[in-house]
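Listed here are the chains, written in short residue letters.
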There are 2 protein chains.
Amino acid sequence: MAINTKVEADHNAPPVTRILAEFVATHPSRGWNDEIEHEAHRTIMNWLGCAIGAARHEAADAALGAVQFLQPAPQAAIFGRHERVDISNAALINGITSHTFDFDDTHLKTIIHPAGPVCSAVFALAEHTGASGRQIVDAVVLGIDVSCRVGNTIYPQHYDRGWHITGSTGTLGAAAACARLLGLDVEQTAMALGIAASQPVGLRDQFGTMTKPFHPGGAAKAGLMSALLAREGFTASPRAIEAPRGFAQVTSTKYDWNEITGELGQRFEIAYNTYKPFACGIVIHPSIDASVQLRKQGVTPDNLEQLKLRVHSLVLELTGKKEPADGLQGKFSVYHGCAVGLLFGRASESEYADDIVTREDVVATRRKVQAVVDDTIDEAAVHATAILKDGRQIQVTVEHAIGSLQRPMTDQDLEAKFSNMSNPLLGETRTRALLDACWKLASAPSLKALVALTH
Amino acid sequence: MAINTKVEADHNAPPVTRILAEFVATHPSRGWNDEIEHEAHRTIMNWLGCAIGAARHEAADAALGAVQFLQPAPQAAIFGRHERVDISNAALINGITSHTFDFDDTHLKTIIHPAGPVCSAVFALAEHTGASGRQIVDAVVLGIDVSCRVGNTIYPQHYDRGWHITGSTGTLGAAAACARLLGLDVEQTAMALGIAASQPVGLRDQFGTMTKPFHPGGAAKAGLMSALLAREGFTASPRAIEAPRGFAQVTSTKYDWNEITGELGQRFEIAYNTYKPFACGIVIHPSIDASVQLRKQGVTPDNLEQLKLRVHSLVLELTGKKEPADGLQGKFSVYHGCAVGLLFGRASESEYADDIVTREDVVATRRKVQAVVDDTIDEAAVHATAILKDGRQIQVTVEHAIGSLQRPMTDQDLEAKFSNMSNPLLGETRTRALLDACWKLASAPSLKALVALTH
């Protein structure tokens, strides 16, 4: 692997730190169309569901244990739990839980998971300050625009170099969102971005460990603190993002500044956010999608003789595990994914529980799945043929899986995903009320009622 | 400026994360000679004096303001102030103040300022846990060894790329030191280093702003939290420092692993720590040193006609300001530095106060200083000639300035530097007691008595 990074420093970058600060501090409240406004609510709901779903994960327990050693003031909620901690550590822990299942949102152009850093910081701060729902939605849209635009600027070289781009750009997004929420002026917002620029969080070598979800949490915390510092008059370089020794040039070898300045305030990156329907790597999503579609057409484990898949080579390369032994291994098995798709009509986190992966009917079903590589099949596609015991064949071709930009999850899909994670912890009544509160967030006077439902 | 960074990823790096973890967790208490032990006390004393000296700086006020918004528990002291905050934020603020005057220690080989991240984390944690002085000194020596060895491994390319190496390696040093203090085992210590590796703090573009001293503070806080997380079972990559997508390879293009493994446990990097006698850039130190020596030989502003300096070209390039208007500009004036050297026999932070820089006798004296570039003069040297009004000439040649490894500050020099910063805040009696407590730290049962003297 050769990393070709011979570059000239760019001394003539436009003042993007200042440009972003002005945008964040002065863009009108709800200065976008209904689609953006709706997408913001979908982003927030999906993030909150993921955070609640992983609230009892051992990563959350460990992080909370460390934080409790600091004897934090009970300023803000940890979603899905009864404990309360100071706002900076609520941002940390909710950021960790929201990414723990690898089930959160994806800005596909940069593979940033934008909600974790931004929403986790915004909600913790807003709960404590009593900010309105309108202010919260504004902060989330603008914060995500900042992190994704900076991501567009430096991707893919930044990611290829080894940065977990969610955490490295997330600090800037969280700082921007919190600056907006605190009502900082342009100067102060520039300082908040500057302080945040010095704190990129996240190495890709951490994938597979708890430190991966730590990245959005750490970014949320660092961004929130950066905004608080800026409010107090703390100073930073006003060119901290674009200077030759600033964030972009230090952490990448590509910096397309037009990605920050182009159509700023007109095009919003949250429009390109997507949500995962299945709690596993995106490469198996077409195959699971096909299995769910076959189930809807009457295919059952009982009447199925064999399920034949024609897939892109990456599918078997990354997820070719035939006999997964536990939940984590199940995530790397296209066979398990199809089995639960056929059996349950979904592949949410609960279908990756250890006892599901080893359950007799699941094992029997996955052994009926065969996958072969077909070079004519696109990475986003699959061709599936169910051969039934009665000799009939049912074919399904997926060009773009559910959850992609081309076939986004419906609001109903997102609610079902949320409920699947929330019901076991909060019960159905509370979960339903929480979903309603999410859809109505922009008109809520504060977070008080919503937060009361989260534990 | 061309950054040549075309490199092959190194997939065969030795397991240095594990090696460092084993070293930190198992090296015997006081497993070094008397010189190392003494240098540790000098490092701690110098750091504490700097932190006290800047305790009332506006950067400290701003940082404390932000932290107070979190309603922190009063777990640990902010040196030089009465407020107490939680240990993570005490580490942050003491880390900021210790570097605010640019007057702290320097590991010349890497230009890391090692004490800020490490000591600020250790003292905050130790105060709260009641650790003994012995444990504290052990943690400081080992933590500084980790950050400086990692620094040696990646310097200078890491620094040239734009990282403020004090903060980027400081997180690892602070994590190591806190892991030691908490008594973590080898596995947990490796995880602490791993979590810390994902949180490098510091861009060089911040120089000249409050975010520069934020870097050691942020590193102290992040390292401390990493150790607390590891104690709770939080996981990270066990190869987070050396992997192709780990800290060293992501943030540098040079990685000489032997700098980590060579003579580990025998050679200690704290032995190469130095302390600044003058509160300004190292490049003017020889000239100020010469002025102080001339003063000792009887040269006074009254009997001086002219002071002629022959200097390296960098001196005028970086510090050639002839008529500085305030304290900050004074730091970039070799003329002002020599004037206060002649007048006061020192150039501590108080000689860079605005009203000193503009004081009539200081202005008159600096106008008697002439500096010319001489290509035969080394960067570390100066040739100074005082021409007196009676016609006599007195010459001083400095090969290595006071404060260099070749001519280290004496313990007495360090005490005087400390007192100069501490006396105005704590008074002479308390300052004297604090100096004694520093020298005796290793035998103190806890930090209690020392901390009680710091405000």
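Before reading on, note that the structure itself is shown above.
Each chain has its residues counted from 1, running along the sequence as written. Written order determines the labels here, with chains lettered from A and ligands numbered from 1. For this predicted model, a pLDDT threshold of at least 70 governs which residues receive local features, and a threshold of 80 or more governs which side-chain atom pairs are given and counted, while totals over whole chains, interfaces and linings are taken from all residues. Calculation of side-chain values draws on the structure's entire complement of heavy atoms; hydrogens and water are dropped beforehand.

Asker: What is the right way to read helix α3 (residues 58-68) of chain A from this model?
Answerer: Every α-helix winds through 3.6 residues per turn, so residues three or four apart in the chain are directed the same way. When accessible area is computed with a 1.4 Å probe and restricted to protein chains, residues below 20% of their type maximum are described as buried, those above 50% as exposed, and intermediate ones as partly exposed. Every helix listed is a DSSP run of H or I at least four residues long, and every strand listed is a run of E at least two residues long, numbered separately from the N terminus. Looking at α3 of chain A, one finds that the buried residues are A59, A60, A62, A63, L64, A66 and V67 of chain A. Contact partners of the buried residues in α3 of chain A: β4 (84-85) and α4 (87-100) of chain A together with α10 (211-231) of chain B. By definition, residues are in contact when any of their heavy atoms lie within 4.5 Å.

Asker: Got a minute to help me understand the packing of aromatic side chains in this structure?
Answerer: One pair of aromatic rings is described through two measures. These are the centre distance and the angle between the planes. All names here are of chain A. Paired rings are identified among Phe, Tyr and Trp, the last through its six-membered ring, by centres lying within 6.5 Å, and are further divided according to the angle between planes into stacked (under 30 degrees), edge-to-face (over 60) and tilted (the rest). Inspection of every chain in the model, using the stated rule, returns 17 aromatic pairs over all chains. Between the aromatic rings of F23 and F268, the centroid separation amounts to 6.4 Å while the plane-to-plane angle is 35 degrees, which identifies the pairing as tilted. Residue F23 is located in helix α1 (residues 16-26), and its partner F268 is located in the loop between α12 (258-261) and β6 (273-275); the two are separated by 245 residues in the primary sequence. Just as F23 is buried, F268 falls in that class too. Through a chain of ring-to-ring contacts, three or more aromatic side chains come together here, namely F23, W32 and F268. Geometrically, a lysine NZ or arginine CZ counts as sitting over a ring once it is within 6 Å of the ring centre and also within 35 degrees of the ring normal. In this structure, R204 packs its charged tip against the face of Y159, placed 3.8 Å from the ring centre. If you follow K331 out to its NZ or CZ, it ends over the ring of Y352, 5.5 Å from the centre.

Asker: Please clarify how the interface of chain A and chain B should be interpreted in this entry.
Answerer: Bring the parts together and some accessible area is lost; that lost area is often taken as the interface size. Chain A puts 72 residues into the contact, and the matching count from chain B is 72 residues. Values labelled buried area give the accessible surface lost by two parts on being combined, using a 1.4 Å probe and summing over both. A buried area of about 6,000 Å², summed over both sides, lies between chain A and chain B, and 59% of it is on carbon and sulfur atoms. The term salt bridge refers to a side-chain nitrogen of Lys or Arg lying within 4 Å of a carboxyl oxygen of Asp or Glu. In this assembly, chain A and chain B are joined by zero salt bridges. Two N or O atoms form a polar contact when they lie within 3.5 Å of each other; inside protein one atom must be a possible hydrogen donor and the other a possible acceptor, and for residues adjacent in sequence the pair counts only when both atoms belong to side chains. Scanning the region where chain A abuts chain B turns up 26 residue pairs in polar contact (both at pLDDT 80 or more). Among the secondary structure elements, those contributing two or more residues to the side of chain A that touches chain B are β1 (2-3), β2 (7-8), α3, α4, α5 (115-129), α9 (186-197), α10 (211-231) and α11 (247-251) of chain A. Classification used: nonpolar for Ala, Val, Leu, Ile, Met, Phe, Trp, Tyr, Cys and Pro, charged for Asp, Glu, Lys and Arg, polar for all others including Gly. For the side of chain A that touches chain B, the class distribution of residues is 34 nonpolar, 27 polar and eleven charged.

Asker: Would you explain the packing of helix α2 (residues 34-53) of chain B against helix α20 (residues 428-439) of chain B in this entry?
Answerer: Any two packed helices are characterised by the angle at which their axes cross and by the distance between the axes. Residues and elements named next belong to chain B. One can describe the packing of α2 onto α20 by two numbers: an axis separation of 9 Å at closest approach and a directional angle of 145 degrees. In terms of crossing hand, the pair formed by α2 and α20 is right-handed. Facing α2, whose interface residues are H38, H41, R42, M45, L48 and I52, α20 presents L434, L435, C438 and W439. A per-class count over the contact of α2 with α20 returns seven nonpolar, two polar and one charged. As a rule, the C-alpha atoms of each element are fitted with a line to give its axis, helices using only the stretch in contact, and angles between N-to-C directions run from 0 to 180 degrees. The handedness criterion is simple: a crossing whose near helix is rotated anticlockwise from the far helix by less than a right angle is left-handed, and one whose near helix is rotated clockwise is right-handed.

Asker: Mind showing me how you'd approach the environment of A13 of chain B here?
Answerer: All names here are of chain B. Within the fold, A13 resides in the loop between β2 (7-8) and α1 (16-26). Owing to a relative accessible area of 6%, A13 belongs among the buried residues under this scheme. Along the chain, A13 and I241 lie 228 residues apart, while their C-alpha atoms are 9.7 Å from each other. In contact with A13, not counting residues within four places along its chain, are R239, E242 and W257.

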